[in-house]
Amino acid sequence: MQKSPELRKEDGIWTLFADGKPFTMLCGEVHNSSASDAGYMEEQVWPFLKGLHINSLLVPVYWEMIERQENVFDFTVLDAIIKQAERESVKLGILWFGLWKNGISSYTPEWVKTDQKRFFRAADRNNRPMDVVSPFCQAAVDADAKAFGRLMEHIGEKNEEQQTVILVQVENEVGLLGSDRDYSRAANELFGKEIPDGISSLYEKSGTWEQAFGEEAPEVFMEYAYAKAVGRIAKSGKRACPLPMCVNAWIEKFPWRPGGYPSGGPIARFGPLWKMLAPDIDILCPDVYTSDFQGICREYRTADNPLLIPEHRRDIKNISHLFYAVGTCQTLCFSPFGIEDFLMPPETRTGIGNPDVMKILNIDRNAWECEKTGEFLGWAYQLLDSAMEVIYRYQKLGKVYGFLRENEHEKGTVIHLTNCDIRIDYLDQKQDTPKAAGFIIESGEGEFYAAGVNFRYSLLPLKSEKRQLGILEYSEGRFENGMFKRGRILNGDERYCMLMLEKPELQRVKWYFYQED
Ligand code: DGJ
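Worth saying up front: this structure is predicted, and the values here are computed from it rather than measured. Per chain, residue numbering runs from 1 following the sequence as it is written. Given that this is a predicted model, residues contribute local features only at a pLDDT of at least 70 and side-chain atom pairs are listed and counted only at 80 or more, while totals for whole chains, interfaces and linings are drawn from all residues. Here the side-chain values reflect all heavy atoms present in the structure, with hydrogen atoms and water set aside.

*Asks:* Break down a nonpolar patch on the surface for me, citing the residues and quoting the values.
*Replies:* Patch rule: a residue counts if its relative accessible area is over 30% and it has no salt bridge; like charges are joined within 9 Å, and nonpolar side chains (Val, Leu, Ile, Met, Phe, Trp, Tyr) within 5 Å. Calculation of accessible area relied on Shrake-Rupley with a 1.4 Å probe; when residues are assessed, cover is drawn exclusively from the protein chains displayed. The term salt bridge refers to a side-chain nitrogen of Lys or Arg lying within 4 Å of a carboxyl oxygen of Asp or Glu. Nonpolar side chains collect at one region of the surface, where Leu472, Tyr512 and Tyr514 lie side by side and expose about 300 Å² of accessible area between them. Residue position: leucine 472 is located in strand β20 (residues 468-480). Each helix corresponds to a stretch of at least 4 residues labelled H or I by DSSP, and each strand to a stretch of at least 2 residues labelled E; elements are numbered beginning at the N terminus.

*Asks:* I'd like to hear about the site of the ligand, residue by residue, with values.
*Replies:* Around the ligand, 14 residues are found, and the nearest of them are Asn32, Lys101, Asn102, Asn172 and Glu311. Here an oxygen atom of the ligand sits 2.8 Å away from a polar atom, N or O, in the side chain of lysine 101. Contact distances for the ligand include 2.8 Å between an oxygen atom and a side-chain N or O atom of asparagine 172. For this classification, Asp, Glu, Lys and Arg are treated as charged, while Ala, Val, Leu, Ile, Met, Phe, Trp, Tyr, Cys and Pro are nonpolar and the rest, including Gly, are polar. Taken together, the residues that form the shell around the ligand break down as six nonpolar, four polar and four charged. We define proximity as follows: a residue is near a molecule or strand when any one of its heavy atoms falls within 4 Å of that partner. N or O atoms closer than or at 3.5 Å make up a polar contact, with two conditions inside protein: a donor-capable atom paired with an acceptor-capable one, and, for residues adjacent in sequence, both atoms drawn from side chains.

*Asks:* Go over the sheet that holds strand β15 (residues 412-416) with me, naming the residues and quoting the values.
*Replies:* Judged by pairing direction, the sheet is antiparallel, and its four strands sit side by side in the order β15-β16-β19-β22 without closing on themselves. A single partner strand is all that each edge strand has here, and the edge strands are β15 and β22 (498-500). The average undirected angle you get between the axes of adjacent strands in this sheet is 25°. When DSSP finds two or more bridges between two strands, those strands count as paired. Note: strand β19 (residues 455-461) against β22, three bridges, orientation antiparallel. When the sheet's bridge partners are listed, phenylalanine 455 is paired in β22 with methionine 500. Fitting a line to C-alpha atoms yields each axis, with helices limited to the stretch in contact; the angle taken between N-to-C directions then spans 0 to 180 degrees.

*Asks:* I'd like to hear about the packing of aromatic side chains, residue by residue, with values.
*Replies:* In this scheme Phe, Tyr and Trp rings, the latter by its six-membered ring, pair at centre separations within 6.5 Å, and the angle between planes marks the pair as stacked below 30 degrees, edge-to-face above 60, and tilted otherwise. This model, assessed by the stated rule, comprises 28 aromatic pairs. Aromatic side chains phenylalanine 448 and tyrosine 457 sit 6.2 Å apart centroid to centroid with 65° between the ring planes, which places their arrangement in the edge-to-face category. Residue burial is assigned from relative accessible area. The probe radius is 1.4 Å, only protein chains are included, and a residue is buried under 20% of its type maximum, exposed over 50%, and partly exposed in between. Looking at phenylalanine 448, the relative accessible area reads 0%, which means it is buried. Aromatic rings pair up to connect Phe136, Phe191, Tyr203, Trp209, Phe213, Phe221 and Tyr224 into one cluster. Whether a charge sits over a ring depends on NZ of Lys or CZ of Arg being within 6 Å of the ring centre and within 35 degrees of the ring normal. When the ring centre of phenylalanine 17 is taken as reference, the NZ or CZ atom of arginine 8 above it lies at 3.9 Å. Above the ring of phenylalanine 513, the side-chain terminus of arginine 467 is found at 3.7 Å from the ring centroid.

*Asks:* Please set out the packing of helix α3 (residues 76-87) against helix α5 (residues 138-161) residue by residue, giving values where relevant.
*Replies:* Across the interface, α3 lies against α5 with an axial gap of 12 Å and an inter-helix angle of 35°. Crossing angle aside, the handedness with which α3 passes α5 is right-handed. Of α5, the residues touching α3 (which contributes Leu78, Asp79 and Ile82) are Leu151, His154, Ile155 and Lys158. When grouped by side-chain class, the residues that make up the contact of α3 with α5 number four nonpolar, one polar and two charged. Helix crossings get a hand from a simple test, with the near helix turned counterclockwise from the far one by less than a right angle marking a left-handed crossing and a clockwise turn marking a right-handed one. Note on contacts: a residue pair is in contact if any heavy atoms of the two residues lie within 4.5 Å.

*Asks:* Could you give an account of helix α11 (residues 293-300), with specific residues and numbers?
*Replies:* For α11, a buried count of six out of eight residues is recorded, marking the element as mostly surrounded by other parts of the structure. Of all the residues in α11, the buried ones are Phe293, Gln294, Gly295, Ile296, Cys297 and Tyr300. Looking at the buried side of α11, the elements it contacts are β10 (245-250), β11 (283-288), β12 (309-312), α12 (321-327) and β14 (400-404).

*Asks:* Let's hear about the packing of helix α1 (residues 38-45) against α3: which residues, and what values?
*Replies:* It is the contact of α1 with α3, at a shortest axis distance of 8 Å, that shows an interaxial angle of 30°. As judged from the angle between their axes, α1 and α3 are roughly parallel. Contact with α1, carried on its side by Ala38, Met41 and Glu42, involves Val77, Ala80, Ile81, Gln84 and Arg87 of α3 and no other residues of that element. When its residues are assigned to classes, the contact of α1 with α3 shows five nonpolar, one polar and two charged. Convention used here: angles under 35 degrees read as roughly parallel, angles over 145 as roughly antiparallel, angles from 65 to 115 as roughly perpendicular, and any remaining angle as oblique.

*Asks:* Which residues make up the layout of surface pockets, and what values go with them?
*Replies:* Reported here for the second largest pocket is a volume of approximately 420 Å³. With a 1 Å grid laid over protein atoms only, a set of points is called a cavity when a 1.4 Å probe fits there but cannot get out and a pocket when it is open yet has protein on both sides within 12 Å along at least five of seven lines; lining residues have an atom within 4 Å of a point. What lines the second largest pocket is a set of 15 residues, among which Lys21, Pro22, Asp385, Met388 and Tyr392 lie closest to the centre. Elements supplying a minimum of two residues to the lining of the second largest pocket: β3 (21-22) and α15 (373-395). For the lining of the second largest pocket, a count of residues per class yields five nonpolar, five polar and five charged. Grid points are joined across faces, edges and corners, and a volume is the space filled by probe spheres set on the points.

*Asks:* Describe helix α9 (residues 217-240), and please don't skip the residues or the numbers.
*Replies:* Here α9 contains 24 residues, and its C-alpha end-to-end distance of 35 Å stays within 8% of the 34 Å for a straight helix at 1.5 Å per residue. Judged by how many residues are buried, α9 sits mostly within the fold: 19 of 24 residues are covered. In a helix, the anticipated span is given by 1.5 Å times the number of residues less one.

*Asks:* Please provide a residue-by-residue account of the pattern of salt bridges, values included.
*Replies:* Applying the stated criterion across every chain, the model contains 29 salt bridges. Notably, a salt bridge pairs aspartate 124 with arginine 128, separated by 2.9 Å at the nearest N-O pair. Under the relative-accessibility criterion, aspartate 124 is labelled buried at 11%. Looking at arginine 128, the relative accessible area reads 49%, which means it is partly exposed. Its salt-bridge partner being arginine 313, residue aspartate 315 comes within 2.7 Å of it at the nearest N-O pair. As far as burial versus exposure is concerned, aspartate 315 and arginine 313 are alike and both buried.

Spelled out as structure tokens, the structure:
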């Protein structure tokens, strides 16, 4: 049997392994409801993914569907989708839509929704029940943990035939929306007590939650509640089938008040708390719908947390974040949301793009537009898929350098190689084109590869260098089985500027010194 999918840190670099080989998920996440019907996936999703060159797909599994009746499980739809994925040679990441999704409990089965006594709700500060099961409700957490454990057991059985499922996201954007904390009786009782030992030692504080954390107490209290609950659920699943597991965060947004974003969610600054209370969760992930991409990557990619992007904004301008995520951050996954829309005629796309839904989801409308994104993503994924073997090789040597134009005030950057510098000038940002982005692979003395979009590059001698630099060969091409297959040699008019335009490209440069002392 093939080695199970696993997450390992090798040479200081976190790597996801599938079928025993490094695997970067060039991915997309389907719309929330697409995977509730295998026929819809067959007719309305898979046909529109073909031109995108994805190697993986994130699809939800819904508690309300797999356990309609308590203790009676049905995985028919999931099995059909796994079969479809195998036919398309695409790996799957499963999103467990269980107790909590975007801060509410809309995916719990009917027998959970309708029994508010056994499965009590969170309450707001006016003690009104909210549309979310309280994370302090042990019966609910146990019921979810049991269902998730059965799902993971089933996935383990399916994976014995073919390792199709390689990642699992536990719940979706957990946290309490609309209130800074849960004010239910059980929650209030706990909130008035001493903070637990683990929290006390982690934050070196003592006393009640308010004595220890002051005005931050409600949010830290909810972080404790959700991390502990999700930790219990993840443990149940990991015991059944030890796949890499992650959680995704609705990241903090203006006006930065917990409850305005889900209070208690796995946001980066509570990483240590989540790692302590939910050790079976391997990765905390950001859902990226804003444009401060480098800042988000710095927050989520840390020594003990690889970067994995399960949801990314859809617009052509920011989709080139992909090159920075791969080149600089060794992301395990890059996954624009609602991927089935990208090559679909606009009139047949799902309706959630309308302004009212965008407002509820607190998503900037510009982040949602996906005109022109599909074509670009197909080119970029095809280029990267062929280049990943080479990227892994040089990433281990610290010889891959990513860059990204974060805003229109930036003119460019300088990449420092061993024996020369490379000046990167960002091309003017035209309407509906991707931000300048890319990476350089230093493949040897006097040779490097460049990949990306919308930049011009040139060689600069090191400041200390007296000799001049010249180009031996400048060519375009692609990688095949880890080897560079050269296309045209670019010389004459094509060499005055070494350029990457709006279509992602790969180029190789061989250079030399002249005018020896
Ligand atoms: C973030 C959520 O995680 C997704 O399921 C989806 O609701 C998007 N927001 C917006 O469509």
